[in-house]
Structures are given as C-alpha cells and as structure tokens.
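Overview (structure and organization)
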Amino acid sequence: MPLFNTIIVGLKEVWTHKFRSFLTMLGIILGVASLVGMSAIIKGMENGMKEAMVAMGGADKVLLEQQDVPVEQEHLADQAPGRTMADVQALKQTAPLLRVISPEMGVNNVLLTRGEKTAMPSECVGVWPAVVEMNMHTLEHGRFFTEIDEEQASPVCVIGTGIRDELFGSPEQVGREIVPVGEIIEINSQPFTIVGMFERYEGERDKKERELAKLKPREELAGPSRQRGWGGKGNWAFQRKNMTIYMPLNTAWIRFRAAGDKDGIPDPRLSDIDLKVEDLGELESALQQARNVLMLTHRGIEDFGFRTQENQLESINQQIRNARMSGGVIAAISLLVGGIGIMNIMLASINERIREIGICKAVGATGLSVFTQVLIESMVIATLGAVLGVVASFGFVRILDMVMPTANSPVITPGAMLIAVAFSIGVGIVAGLFPAFKAARLHPIQALRYE
Amino acid sequence: MALVELRNVSKIYQLGGEEIRALDDVSLDIESGEFISIIGPSGSGKSTLMHILGCLDSPSKGTICLDGVMIQDASARQLAAIRNRKIGFVFQFFNLLPKLNVTQNVELPMIYSGIGSAERKKRALAALESVDLVNRAKHRPSQLSGGQQQRVAIARALVNDPKIIFADEPTGNLDSHTGDAILTLFRRLSQSGRTIVLVTHDPEIAAVTPRRIEIRDGKIAVKVDLTLAGLAGGRRNPDGAEPPKPA
C-alpha cells in the first residue's frame, strides 16, 4: 500500500473522530507548546543576560575583586590592605599587558537634589576617565573629566540619562530632550556642575518601542504623571547604567572620604578596580602579571581575586544549560504523557475496528500493511498535534509576553521547534508500535467474527 | 489437475485439554469453473472447511494444493498474497468498510496488490458494471439496500480476477426475493466461467448448484453431483439455464 495513500487514510480516520482525535492531540499540542515556549523563555533569558553582560562592560573586562584571605594566611587578615590607589599606580607602571585600569571610589548613600526633585543614583563613584572605555559608556553631550578636574578635585559630574529624567524630566514627559550640561545639582548637599551626559542605554527591543512611541502623538496628561509599577520596563542592567553619576576620583576622595569615615580615619580603599587586558588571547599571562604586581603591593597577602567576564559567560551558559535541562525534562515528560494518550486511543480505535481489520486481511492485507496503517495513523495524530503545538506556542509566548513584560522577551528558535516536532513524531511512532503490533497479529477469522 | 486439491485435511482445536476435530480427514477436489455448494448445519465444520479452502486458516494436518501451489505450510504473509490475488470472498454480513464509498470498497483488494490509482478506478468501475451498480459508485454502504451491498461485495470479490470465489451464506441476511437475485447473479458468474463455492446451511439454496457436498461432524457425509448425473439445475433454477461443464 503506497505510503501517501496510507497517510490519506490515516488523516481521514482522524477526521472521522474529530473531537476524540483533538483531545488526543491536545496532549501533544500542550507538550510541544510547552517545550517550544520554555525554550523561547530560556532563549530570552539568555539574550537578556548577554545583553546585560555587554552593558556592564563587555567580555574583556576583568574585575579585581576583594576576597577573604586564604586559610593559611588567616592570621594576617587584619593586615590585609585591600585595593588602594597604590595598586592602581603599581599596575599602571609595571603591568604592560593591561590596557585599561579603572579605579573606582564609591560614595554610599547618595541623594541627588535639584530644587524639589530628588534622585537616588544606582552608583555614585569617583573615577578616572578610563571608566568610559572600561564600562563602554558613550558621552552624548558635554565633556568628560580632564586632568585638571582630577588634579583640582573639581566639583563636576557626568550623569546618565536616568538621573536627568528624574531631576529635569524625561523627554517623554516634557516632550523635548533636556540637556542639563552646565546645570548645578547637589550630591548630598554639595553643589556639583554637570559637565556631561551619557547617551541613553537600552536594549534593542526597548529602543524600537521607544522610537515607535515617538511617532505617535503624545497624550495630554491631566495632572502629574505617576510612576507605575516599579522601574517599569527594561533590562535592569541598562536601567542601572542609566542611573550612574560619575565624578573625578580625587573629588570623591576629598569631598566624601577624606573628611573621615570610621573613627575619623579616612578609608583609602577603592570600591572597585577594573582591568582590561591588551589581548584576550593572553588573558592568563596578563592576569598572572597583575597578580605578581599585586602580591608585592599587598605584601604577599592574597586578599584579592580576578573575576573575568569569561567566568561570567561560563556561569550564564551554565545557568542556561540547567534551565534548559530541567525545562526540557518537564516538557519531554508532558510529551510522553501525550504519547500515552495516543497509545490509549489507538488501542481503543483498533478495538473498534477489529472487524474492519479482518475484512482488510480477508481481501489480502498483510500483517505488515495493517501494522504500517496503524503506525502511520498514530504518527499522523502526533504530527498534527506537533504542528498545532508549534502554532499554539506562538500564542503561548505572546501571552507570556503580555503577562510579564520584561526586556527578556521570549524568542522562539527554529531549533526548538524542530526538536519538539521530531520528538513528538518519535513519541507518536513509539506509542503506535504496540497497537499496530496488536492489530497486525489479529487472526483474520477471529477478527471477521468479532462482534 | 484440479484447481483445489484437499488431501486428508484435519483441523483440530484444543479446548481445555479436550481435542475438537472441526475437520476430520477431509479430501476434496474442486475443478476450475465448478459451481459447488457446501452444506451443513451450524457447527458441522463447513465454515472451517471454507476458511481453510479460502486461505484464511491453515490446516492441522493434510495438504492443500491451490492452483498448483501447496499452501498448507504457507506463512501468514504468503496466505495474504494468495487471498489477495486468487480468492474472492462474499460474506453473510456484506463486510463493506462503512467509511469508504462503494468504489473505494471495491478498490480495496487492488490497493493491497499495489495497483496504481487510475487502473484501480477503471477496474472497480468495470466490476461495478458487472453487478449493475455503476450508478451507486459514490454512495456509502449505509445508503444502499442489503441486496445492493451484497452486490458491491461481489464486485469487490471479482475485482482482482480471482481463481475462485467463496460465498459464505451470501443470502443469509437478505429477504428471499433479494436472495434469489443474488443467487441468479452467482449463477451468471458461474456461466461466464467463474469457480464459485457457496457455503450455506440451507439445502434449498444449495439446490441451485450442480454439485453439493454435505458436511457433518467434520466429515463429508453426502456428495451429490448432478453434473455427472446430467440432472443439473433444480427447482430453484429460475432461468433454467444449463450449468456449465466442469473445465
């Protein structure tokens, strides 16, 4: 019996029992939809994580982290110097494999004020100009700090657009872009002049949405606008980056640190030292070089460690793998359940058709042709279910997107669809094997006599 | 050589340790072109005999030669091929597939012998023509009367041009008038040279065939062969035609 014919007969059989077939398919539909949907969500997560990683400084950024001293040095723990400007100067002069070194001195508990308006920055740090390259900032308006600003510890700052939005109003609210360069704001009551502003950082998707919104006429708001939800849309990494305020390192030191911290003793430690290496291929030797220098400045106390973005990438991949694995197993189980449903219905269906099978055998159907007939029918159900499931997964992802509007919008991948469809067809075949075998083995006389 | 040669065929069933001989050492020859009936009350073994003759079942003992091929040890697959090409069945309950229309039902055996769809259509229509049902080609079996359904079944039995046709109580589910029409059809087929085996419990129906075999308790009890006696036909011979001579 030609294959095409068999498939047509299988489709007819499915069509004859529309409702029953649909219910059977539902198992496969849901299984495929959950598999494709799940992998779409994970793909979205992965995209979000990678986007965030780039927003935080790209793959060649290395964080010099403060760490607990190793066990054998525990008795020296109170002498651990921490990361200071001495490290930065030493690295700068003696570690040629490092391209960029960016020290950061953070100021905690900062409140920015301008008149009535206040804002809480995500980070307020004193930096060298190297930070622009380090964190991949783009200055859109004004200028960055100069040597003179650094030397004189001038009260100047560069802000992200998020801070501008809160202190001066966002373009969406006022209808035009405010460039606050030259304006004075207060950082914990100390007046600072804004000398520059970064561009607005956002994910690809938000950018598109914003540009689309620009084209539409703005709705007139009655009364002041209110914040809705917390933080609204957008990747947290971009929001954080937009809420940055930078000042010269020396300014941070003199105005916020030197005045005394605990017990009137200024804390010389930096909050961060970030490095970029000359050549990613020589990452290992560059880090070894940096380690050697730092071991000297830290008098052999190993209270630091390196954290490369490669580690981070690895950990992102690990998380994605885990999520994929657990989600995949769950979806596979639901597909298996769907397969059991198919087997159930195929058994019921051949039981109903024992006489028919007997007739076919009497006119010359071999066991093999009955076997393929039943198997193909089960495959037809599974395949139809899989196709409908793929369609359903688009709807499913759409709904998810509406329910949880995050920047990590789910992305349906062709690979996931392919795997889901292939797997469910496989399930259909396996589920059909036993009923098909049972049907093929029916004795023609007993089948013909069956009432 | 006869078309079918049955030699010392037995069919033995084991039922709870008890041995039941449905057929007991039966020998029988059927010549090509014969019109023969097998009579017997229910449980006599006539159905078993027909199943074995029709390659639906294998004997426990003995040999069968169909069209020059020994088939007592054939596999299920070989039996299926023989049923497909050399044998046509007509059943008491018509046994048409309810989901297929008349043409598709008639095409069914050809599907299993791998005949292309254009050829199938042509031959199915020709077979329907021979039973006067071309005008019902697109109907479903459920839209036809019993007699029409049985004619479709006969068309299906004929369509692969089989060597021999088995009819198992073909009139059992029909009123006597329709039944007569079916028997007339069989007679016509017989006259055109078909080999037909009619299985029935009703001696009156069996009377239409020139040769009759009566089965009792798995054994051939009585053989009547009017072809030899020259008394062919019977009281149920509406058109009074002479039965064909065995080939």
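See the structure printed just above.
Residues numbered from 1 in each chain as written. Chains lettered and ligands numbered in written order. Predicted model: local features only at pLDDT ≥ 70, side-chain atom pairs only at ≥ 80, totals over all residues. Heavy atoms only, no water.

On to the packing of helix α2 (residues 18-55) of chain A against helix α14 (residues 367-403) of chain A. Residue and element names in this part refer to chain A. Between α2 and α14, the shortest axis-to-axis distance is 7 Å and the interhelical angle comes to 45 degrees. What the angle tells us is that α2 and α14 run oblique. Crossing hand, α2 versus α14: right-handed. Grouping the amino acids of the contact of α2 with α14 by side-chain chemistry returns 18 nonpolar, five polar and no charged. (Axes fitted to C-alpha atoms, helices over the stretch in contact; angles between N-to-C directions. Helix = DSSP H or I, 4+ residues; strand = E, 2+ residues; numbered from the N terminus. Parallel < 35°, antiparallel > 145°, perpendicular 65-115°, else oblique. Left-handed = near helix turned anticlockwise from the far one by under 90°. Nonpolar A, V, L, I, M, F, W, Y, C, P; charged D, E, K, R; others polar.)

The interface is formed by 23 residues belonging to chain A together with 23 residues belonging to chain B. Together chain A and chain B conceal approximately 2000 Å² of surface at their shared face, both sides included; 62% is due to carbon and sulfur atoms. Taken together, chain A and chain B are joined by two salt bridges. Two residues, B:K99 and A:E356, come together in a salt bridge whose shortest N-O distance is 3.4 Å. Put simply, the parts of the chain that give the side of chain A that touches chain B at least two residues each are α1 (3-16), α13 (354-362), α14 and α16 (444-449) of chain A. The element best represented in the side of chain A that touches chain B is α13(A), accounting for six residues. Classifying every residue of the side of chain A that touches chain B gives ten nonpolar, six polar and seven charged. (Contact = heavy atoms within 4.5 Å. Buried area = accessible area lost by both parts, 1.4 Å probe. Salt bridge = Lys/Arg side-chain N within 4 Å of Asp/Glu carboxyl O.)

Quick look at the packing of aromatic side chains now. Residues and elements named next belong to chain A. Across all of its chains, the model carries nine aromatic pairs over all chains by this definition. Centroid distance F144 to F145: 4.5 Å. Interplanar angle 45 degrees. Geometry classified as tilted. The exposure class assigned to F144 is buried, which follows from its relative accessible area of 12%. Aromatic pair F192 and F256: ring centres 6.2 Å apart, planes at 20 degrees, arrangement stacked. Of the two residues, F192 sits in strand β9 (residues 190-198) while F256 sits in helix α10 (residues 249-257), which places them 64 residues apart along the sequence. A residue is classified by how much of its surface remains accessible, and F192, at 0% relative accessible area, is buried. A relative accessible area of 19% means that F256 is categorised as buried. Grouping aromatic residues by their ring pairs yields a cluster made of F144, F145, F198, Y201 and Y246. Stacked on the ring of W15, the Lys or Arg K18 has its end atom at 4.4 Å from the ring centre. Here the basic side chain of K241 rests over the ring of Y201, its NZ or CZ set 4.4 Å away from the ring centre. (Phe/Tyr/Trp six-rings, centres within 6.5 Å; stacked < 30°, edge-to-face > 60°. Buried < 20%, exposed > 50% of the residue type's maximum accessible area, 1.4 Å probe, protein only. Lys NZ or Arg CZ within 6 Å of the ring centre and 35° of its normal.)

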